[in-house]
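Coordinates in review
So you can see what is in the structure, the chains are spelled out below.
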Amino acid sequence: SVIGVRFQVAAALQEGRVTPAELCQRCLSLIKSTKFLNAYITVAEETALKQAEESERRYRRGQPLGVLDGIPVAVKDNFNTAGIETTCASNMLKGYISPYNATVVQKLLDQGAVLLGKTNLDEFAMGSGSTDGVFGPVRNPWSYSRQYKEKSVPKSHSEDKESNWVITGGSSGGSAAAVSSFTCFAALGSDTGGSTRNPAAHCGVVGLKPTYGLISRHGLIPLVNSMDVPGILTRCVDDAAVLLGSLAGHDPKDSTTIQDNFKPFELPNLTDVSKLSIGIPKEYHAPGLSSEILALWSKAADLFKNSGAKVIEVSLPHTRYSIVCYHVLCTAEVASNMARFDGLEYGHRSDMNRSTESMYAATRREGFNDVVRGRILSGNYFLLKQNYENYFIKAQKVRRLIANDFVKVFQSGVDILLTPTTLSDAVPYMEFIKEDNRTRSAQDDILTQAANMAGLPAISVPTALSERGLPVGLQFIGRSFQEKQLLTVAKWFENQVKFPMIQLEEVKRHNHDVFQHQKSASFS
Amino acid sequence: QEVTVDMLDHLEQLALVDFRDAEGVARLQKAIQFADQLHEVNTDGVEPMDSVLEDRCLYLREDDVTEGNCTKELLKNAREKVEEYFVAPPGNIPLPKLEERETFLQGF
């Protein structure tokens, strides 16, 4: 149960029941024994231990920097981290050592968090499986859980148990897997079309996409500047609120962050939902939605209704165009953003030396995978003079219609929208790779993408296990900058559903003593 | 929408990225087909949306230098450099034409 797990590890650190160095060591050794998950690209063992020691000194002096002091965290490998390789899971940036920290990374470090390492993703965050990076796919920890193994029936004696593993979803799959397998207490992801919420749902963790403009993107290697946001992955909603509190706020280095004063908040324990109005957008009953998830969504709506909330069906008529719109806007912005990779100042550089143009072309031919190249070429097509009006501008107009759909619904008195996060539970890797990346992304992003289009905050909360023993999450979408209300409702829901803890052999073996009485081992 | 070899060649030159094989070309064709669904939507009288924050003023800093002097740091990541310069091959040489270029499109 996740009830009452606040102030657990942080309290343990404060009371000296565990030291930051011990905590760090345990996470590092758990990372080693869960290496088969391929969640981490780089493990920054030395620097992490040093940070842990510094944290320990602060605790001994009785001067911890805050709740995050000594807490091990992981960061998706598309955030710049000074002195640590940042690859975006691409050959283009293999060996690239960031000369600076992304603002969100700096904020975590300034509060004493211990950076364990960089997590795996789809190359340049393009994808919904965390399968298309140069370091290989990430495996969903639930593939190895007792819950999944109990439900899976081997087709034959010789069938390799290993080939049954399921994907994490993406593109922040490494971060989701890291949090899900207890190798860290929180992780940063990014979310452009659902890349934090999708893997959160598949890995049974909380995935928060904040309002666009709330958290700085400085140092986050951009995919779509008008939609990207840093994402937060944690094991419970309270932890997400703590992370949000330490990361949100205006950054002079990112002019797209709003200047409003942001006040970190603690989540109240909501008991009375009778004043809430929950909207159920009918278009989210999308083709391909599994009957299982449909049933869970319905059950959740009933849960709110039976607890006194007003639950009404609403319509977001342009929902089905959100994926097409995203496809055009994303590829267009990608075409522009990827232009910086030319081998001259950083990253891979080809040996071709005949001319700048041919060097750039060769470098990019060698450095980018098919998915990235495909999006660059498509984007350039849509941006051609003869296509600009019909595709790019047209997509921008459709974007406004999508955003307006939400405005109308929220203006009509709805506080929060409740939708599924994914169409089904996690599919086996062997099945996932049968379709190409673009097709998969188009299918998988359908329920999450519109929130990015409109810039709204959204959170995926682990809800229940599927028939196959895999996590299913439900999504809440809130009004712009109303994260407190969004997270308050999400926390209430989390307390109602009591999502089970993953039963992983490796975690039990490592026997985190400090987690004996904490079912979900959150830190706040 | 027909995609001609000239168009593909033009895109390769603009993007400085290659189609690589028939699959790459097919990928573009599918992408265009997919995007064409946009034309089903009536957008008469609708203004294009650049940013969800369009109702707010962009923040502009004071024009003061607050960072810099990190030449060594920045040069560390470059492969070819001489003193404080990034070294590029000669410029002003256009990419070879389709017939002379090593591209899949040659046989297309």
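Just so it is clear, the model here is predicted, and its values are computed rather than measured. (Residues numbered from 1 in each chain as written. Chains lettered and ligands numbered in written order. Predicted model: local features only at pLDDT ≥ 70, side-chain atom pairs only at ≥ 80, totals over all residues. Heavy atoms only, no water.)

On a plain count of helices and strands, chain B comes out with three helices and two strands. Going from N to C terminus, chain B has its helices and strands arranged as α-α-α-β-β. On C-alpha atoms alone, chain B measures out to a radius of gyration of 22 Å, which is more than a quarter above the 13 Å that the 2.2 N^0.38 rule sets for 108 residues. The principal-axis extents of the C-alpha atoms in chain B amount to approximately 50 × 50 × 25 Å. Counting all 108 residues of chain B, 32% fall into the buried class. Excluding contacts between residues fewer than 6 apart, the proportion of contacts in chain B whose partners are at least 24 apart in sequence is 51%. Working note: accessible area of chain B is about 7700 Å², and carbon and sulfur atoms make up 47% of it. (Helix = DSSP H or I, 4+ residues; strand = E, 2+ residues; numbered from the N terminus. Rg over C-alpha atoms; globule rule 2.2 N^0.38 Å. Buried < 20%, exposed > 50% of the residue type's maximum accessible area, 1.4 Å probe, protein only. Contact = heavy atoms within 4.5 Å. Areas by Shrake-Rupley, 256 points an atom, 1.4 Å probe, with all protein chains shown as cover.)

A word on the overall build of chain A. A count of helical and extended segments in chain A gives 18 helices and 11 strands. Radius of gyration (C-alpha) of chain A: 22 Å, near the 24 Å computed for a compact globule of 524 residues. Structurally, chain A occupies a C-alpha span of about 65 × 60 × 55 Å along its principal axes. Looking at chain A as a whole, 67% of its 524 residues are labelled buried. For chain A, the share of sequence-separated contacts (at least 6 apart) that also reach a separation of at least 24 residues comes to 79%. Surface exposure of chain A reaches about 18000 Å², of which carbon and sulfur atoms provide 49%.

This part is about the pattern of salt bridges. For side chains bearing opposite charge, pairing can occur when the charged atoms are close. Residue and element names in this part refer to chain A. Counted by the stated rule, this structure contains 23 salt bridges over all chains. Across the pair E56 and R60 runs a salt bridge, and its minimum N-O distance is 3.5 Å. Of this pair, E56 and R60 both sit in helix 3 (residues 45-60), four residues apart, which is roughly one turn of the helix. What makes E56 buried here is its relative accessible area of 16%. Here K305 and D302 are joined by a salt bridge, their closest N and O atoms 3.8 Å apart. (Salt bridge = Lys/Arg side-chain N within 4 Å of Asp/Glu carboxyl O.)

Tracing the backbone through its elements, the reader meets I97(A) in the loop between strand 2 (72-76) and helix 4 (103-110). Along the sequence, I97(A) and N80(A) sit 17 residues apart, while their C-alpha atoms lie 8.5 Å from each other. Each residue touching I97(A), except ones within four places of it in the same chain, is listed here: G83(A), I84(A), E85(A) and N77(B).

A few words on helix 13 (residues 385-411) of chain A. Residues and elements named next belong to chain A. An ideal rise of 1.5 Å per residue puts 39 Å on 27 residues; helix 13 measures up with 38 Å between its terminal C-alpha atoms. Of all the bends found along helix 13, the most pronounced is centred on K394 and spans about 30°. Positive phi appears at G413, one or two residues downstream of helix 13, with a value of about 110°. (Expected span 1.5 Å × (residues − 1). Bend = angle between axes of the 7 residues up to and from the residue.)

Before going further, it helps to spend a moment on the interface of chain B and chain A. Residue-level contacts link 58 residues of chain B with 71 residues of chain A. Summing the contributions of chain B and of chain A, the shared interface buries around 5900 Å²; its carbon and sulfur component is 61%. Broken down residue by residue, the surface that chain B buries against chain A is led by L38(B), Y59(B) and N77(B), which jointly contribute 12%. One can count six salt bridges joining chain B with chain A. Residues R27(B) and D370(A) are paired through a salt bridge, measuring 3.9 Å at the closest nitrogen-oxygen approach. Seen at the junction of chain B and chain A, the total is 23 residue pairs in polar contact (both at pLDDT 80 or more). Of all the secondary structure elements, the ones that give two or more residues to the side of chain B that touches chain A are helix 1 (5-15), helix 2 (22-35) and helix 3 (71-75) of chain B. By residue number, the principal contributor to the side of chain B that touches chain A is helix 2 of chain B, which donates seven residues. Looking at the side of chain B that touches chain A residue by residue, the classes come out as 32 nonpolar, nine polar and 17 charged. (Buried area = accessible area lost by both parts, 1.4 Å probe. Polar contact = N/O pair within 3.5 Å; in protein donor to acceptor, adjacent residues only side chain to side chain. Nonpolar A, V, L, I, M, F, W, Y, C, P; charged D, E, K, R; others polar.)

Relative to the elements of secondary structure, D69(A) occurs in the loop between helix 3 and strand 2. Residues in contact with D69(A), not counting those within four places in the same chain, are L13(A), S55(A), R58(A), Y59(A), P64(A), Q111(A) and G112(A).

On to the environment of V409(A). Position of V409(A) relative to the elements: it lies in helix 13. Look past the residues within four positions of V409(A) in its chain and what remains in contact with it is V314(A), S315(A), L316(A), V414(A) and L417(A).

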